[in-house]
Amino acid sequence: MITAFNVGEKVVYPNHGVGIIEQISSRTIGSSVERFYLLRIRSSSLKVMVPFHNAEAVGLRRIIKTADALEILEYLSDGKCESSADWKNRFKENSDKMRTGSLLDVAIVLKGLLMLAGTKPLSFREKKMLERARFLLVTEMAMAQGGNEDEAEEELRKALSKCKLRWS
């Protein structure tokens, strides 16, 4: 089932974060008419055109619900986490998770990298991925719970502290 979005709706574009559907437009490409969502990413003002038929494939989705936010907080607060020991495999797995569009996958990446950072220094690319995961989690959790990023960040920090993890 393809999800339809409306102008003004807040959506998540994987690996970029929360955006707002600003316009729905049509373009003629060859002999067919293609419909597009034009969305503006809130954090960067980047404008992205997503074809209707491709929205699901790229992972365009609605903001998570409160129940999903609670599930993510629960995951972050328990002690379990899996991560590949090999840097190359771990980076590929984490990159794939970041592209799925699932906020739970982003939380899995964040937690795995924080656990790893407790045992050894992260590579430059993993540090960037950790910061990206943190940003995506904070901004969407804030949207899901009313819009305050400082409160969302504090809630995430408390959840992580339950399994002795923290971000600086």
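What counts and how
- Residues numbered from 1 in each chain as written.
- Predicted model: local features only at pLDDT ≥ 70, side-chain atom pairs only at ≥ 80, totals over all residues.
- Heavy atoms only, no water.
- pLDDT = per-residue confidence, 0-100.
- Helix = DSSP H or I, 4+ residues; strand = E, 2+ residues; numbered from the N terminus.
- Pairing = 2+ DSSP bridges.
- Contact = heavy atoms within 4.5 Å.
- Axes fitted to C-alpha atoms, helices over the stretch in contact; angles between N-to-C directions.
- Polar contact = N/O pair within 3.5 Å; in protein donor to acceptor, adjacent residues only side chain to side chain.

Visitor: Any chance you could break down the confidence of the model for the chain for me, citing the residues and the numbers?
Guide: Per-residue confidence for the chain averages 89 on the pLDDT scale, and 97% of its residues sit at or above 70. For the chain, per-element mean pLDDT is lowest for helix α1 (residues 55–58), which scores 89, and highest for helix α5 (residues 124–144), which scores 94.

Visitor: Before we move on, could you go through the sheet that holds strand β3 (residues 32–41) and cite the residues and values that matter?
Guide: One open sheet accounts for 5 strands, arranged β4-β3-β2-β1-β5; its pairing is antiparallel. The sheet is open, and its two borders are formed by β4 (47–51) and β5 (61–62), each paired with just one other strand. Here strand β1 (residues 10–13) pairs with strand β2 (residues 17–29) via 4 bridges, running antiparallel. By the bridge assignment, Lys 10 is partnered in β2 with Ile 20. This element, α5, spans β1, β2 and β5 of the sheet and lies at about 90° to β2.

Visitor: Describe the side chain of Glu 140, naming the residues involved and giving the relevant values.
Guide: With respect to the helices and strands, Glu 140 occurs in helix α5. In terms of polar contacts, Glu 140 uses its side chain to reach the side chain of Arg 61, at 2.7 Å. Not counting residues within four places of it along the chain, the set of residues in contact with Glu 140 comprises Val 12, Val 18, Arg 61, Arg 62, Ile 63, Ile 64 and Leu 103.

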